[in-house]
2 protein chains.
Amino acid sequence: MKNRNERLMKIRRLIGSMNISSQEELLKLLEKQGYEMTQATLSRDLKYLKVAKMPDNSAGYVYILPNIEQAVEETELANRGLTGLISLDFAQGMAILRTLPGHASSIAYTIDGLDAYEIAGTIAGDDTILIIPRDGVTRSDLVNLLKIRMPGLIQESSGSLKN
Amino acid sequence: MKNRNERLMKIRRLIGSMNISSQEELLKLLEKQGYEMTQATLSRDLKYLKVAKMPDNSAGYVYILPNIEQAVEETELANRGLTGLISLDFAQGMAILRTLPGHASSIAYTIDGLDAYEIAGTIAGDDTILIIPRDGVTRSDLVNLLKIRMPGLIQESSGSLKN
DNA sequence: ATTGTAAATGCAAATTTATACATTATATTT
DNA sequence: AAATATAATGTATAAATTTGCATTTACAAT
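Below is a short write-up of the structure. Note that the structure is a prediction, hence the values are computed from the model and not measured.

What follows concerns the protein's contact with DNA strand D. Lining the immediate surroundings of DNA strand D are 22 residues, of which Gln23, Ala40 and Ser43 of chain A together with Ala40 and Thr41 of chain B lie closest. Only α2 (23-32) and α3 (39-49) of chain A together with α3 (39-49) and β2 (60-64) of chain B provide two or more residues apiece to the surface near DNA strand D. Looking at the surface near DNA strand D element by element, the count peaks at five residues for α3 of chain A. Partitioning the surface near DNA strand D into residue classes produces seven nonpolar, eight polar and seven charged.

Judged by nonpolar contacts, the single largest core of 66 residues is most densely connected at Ala95, Ile96 and Ile129 of chain A together with Ile129, Ile131 and Ile132 of chain B. Discounting residues that sit within four places of it in the chain, isoleucine 129 of chain A has contacts with Leu97, Thr99, Ala104, Ile107, Ala108, Thr122 and Ala124 of chain A.

Taken together, 21 residues surround DNA strand C, and among them Ala40 and Thr41 of chain A together with Ser22, Gln23 and Ala40 of chain B come closest. Those elements that place two or more of their residues in the surface near DNA strand C are α3 and β2 (60-64) of chain A together with α2 (23-32) and α3 of chain B. Its residues assigned to classes, the surface near DNA strand C comprises seven nonpolar, seven polar and seven charged.

Residues and elements named next belong to chain B. Here strand β1 (residues 52-56) shows a buried face lined by Ala52, Met54 and Asp56 and an unburied face lined by Lys53 and Pro55. Where β1 meets β2, five bridges bridge the pair, whose relative direction is antiparallel. By the bridge assignment for β2, lysine 53 is matched with tyrosine 63. Between the end of β1 and the start of β2, which pair antiparallel, lie three residues.

Cut-off values and rules
- Residues numbered from 1 in each chain as written.
- Chains lettered and ligands numbered in written order.
- Predicted model: local features only at pLDDT ≥ 70, side-chain atom pairs only at ≥ 80, totals over all residues.
- Near = placed C-beta within 6 Å.
- Helix = DSSP H or I, 4+ residues; strand = E, 2+ residues; numbered from the N terminus.
- Nonpolar A, V, L, I, M, F, W, Y, C, P; charged D, E, K, R; others polar.
- Core = buried A, V, L, I, M, F, W, Y, C linked by C-beta atoms within 7 Å.
- Buried ≥ 20, exposed ≤ 12 C-beta atoms within 10 Å, placed from the backbone.
- Contact = placed C-beta atoms within 7 Å.
- Pairing = 2+ DSSP bridges.

Here you go:
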């Protein structure tokens, strides 16, 4: 359609420039600008534009334009692949594993099952596992162990810092 | 309410870790985790958490957590969920918080909500929270962080505190 | 011009989400 | 403890949004 792109741009501008909280409301604005359409089409337009609806203190709910937040969220999600493991960090000489909600204890159980000397013990919360290495076991010892015994699980490590 | 904070935390984590595209779907996940509630309450929770629903290529629509507005919400977070804190101690380079029975997870949730670099992770039991600082973060770094970000939590930088 | 094809749209129904109101639980004050 | 105020929740319903299907429009290829 000839007008579609123009309409999509108009929708973006409207959403970007004011607080709009329902499709009906937006529809009326568009009508005033000379665009005739139904709410169903608007729903599809918003989907196409990836416009999100978000709770807002003042207005109840407002439409917001997509931005980097979304990309961040999605890549973050994409990284969470296997068996519920999300990330691996090291701090205080220990390893901290983040998992999907509820997955911590089962993964910790698997790790316990390795029966590795290097690991003195594990503690699992709901989505976090703490691995406590034996005294004298270094971080790289632990990484090596996990690399060998649980291939594919290691992708990331923490940065160091002083504050 | 007793379970509310914990539930909010669970909701946040579920949304952050997987693609959820309707409240019904989320509701079922929560039920599996032992939370009984109606869709109406969930709708209110999502509004409170400022969770947005956004079109997504793969899943149709997905809920996403607020990011930038979080700064605003952080203060909000910091101002709630602090009741029940009993003491703060340091050992083995880590902080150990004692709370009233059952309060650990909600307070840990608040701390997680700070999303502070200094904190590598937390693990909450029933009445104990372990805060694992990142390497290089000193005890006073941690105390300062908590003083600034969670005013009212810390009265004195040593040993226990009153509440 | 006619035919074929894909995109765009409307309509109506289904689905999903929000909320008014009543009730219950929790906290605060006296 | 009792009374009062606040906050949280469920129920039922309204409001808002999405979608299957049919129809129309735009456009390309005969």
